[in-house]
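# Structure at a glance
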Amino acid sequence: MKAATLRDMSVDELRQKLAELRESLFSLKFQHATGQLENTAQLKRHKRDIARVLTILREKQSVENA
């Protein structure tokens, strides 16, 4: 997921996206633990996407507070 795409989203949309990514990561972790996950790179990708969303949320909140 591109950071530019995330920056175009509103704060509510970012929070919703964050919730979706966290649910998806949980599912991937569960699949990995049971040996059903074939592409383990998805775990790293989802973690990075979560970090991107959190970073952009913090950026938007700091702009609002300034």
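These lines cover the structure that appears in this document, whether it is placed above or below. (Residues numbered from 1 in each chain as written. Predicted model: local features only at pLDDT ≥ 70, side-chain atom pairs only at ≥ 80, totals over all residues. Heavy atoms only, no water.)

### Things to note about the side chain of His46
By the element assignment, His46 lies in helix H3 (residues 41–65). Exposure remark for His46: the relative accessible area of 15% places this residue in the buried category. Among the polar contacts made by the side chain of His46, one reaches the side chain of Ser24 at a distance of 2.9 Å. (Helix = DSSP H or I, 4+ residues; strand = E, 2+ residues; numbered from the N terminus. Buried < 20%, exposed > 50% of the residue type's maximum accessible area, 1.4 Å probe, protein only. Polar contact = N/O pair within 3.5 Å; in protein donor to acceptor, adjacent residues only side chain to side chain.)

### Points about the nonpolar core
Within the largest apolar cluster, 13 residues are counted, with the highest numbers of intra-cluster contacts made by Leu6, Leu14, Leu18, Leu43, Ile50, Val53 and Leu57. Looking at this core, the elements that each hand over two or more residues are helix H2 (11–34) and H3. Broken down by element, the residue count for this core peaks at 6 residues, all from H2. Apart from the residues lying within four places of it in its own chain, the contact partners of Leu6 are Met1, Leu14, Arg52, Val53 and Ile56. (Core = buried A, V, L, I, M, F, W, Y, C linked by side-chain atoms within 4.5 Å. Contact = heavy atoms within 4.5 Å.)

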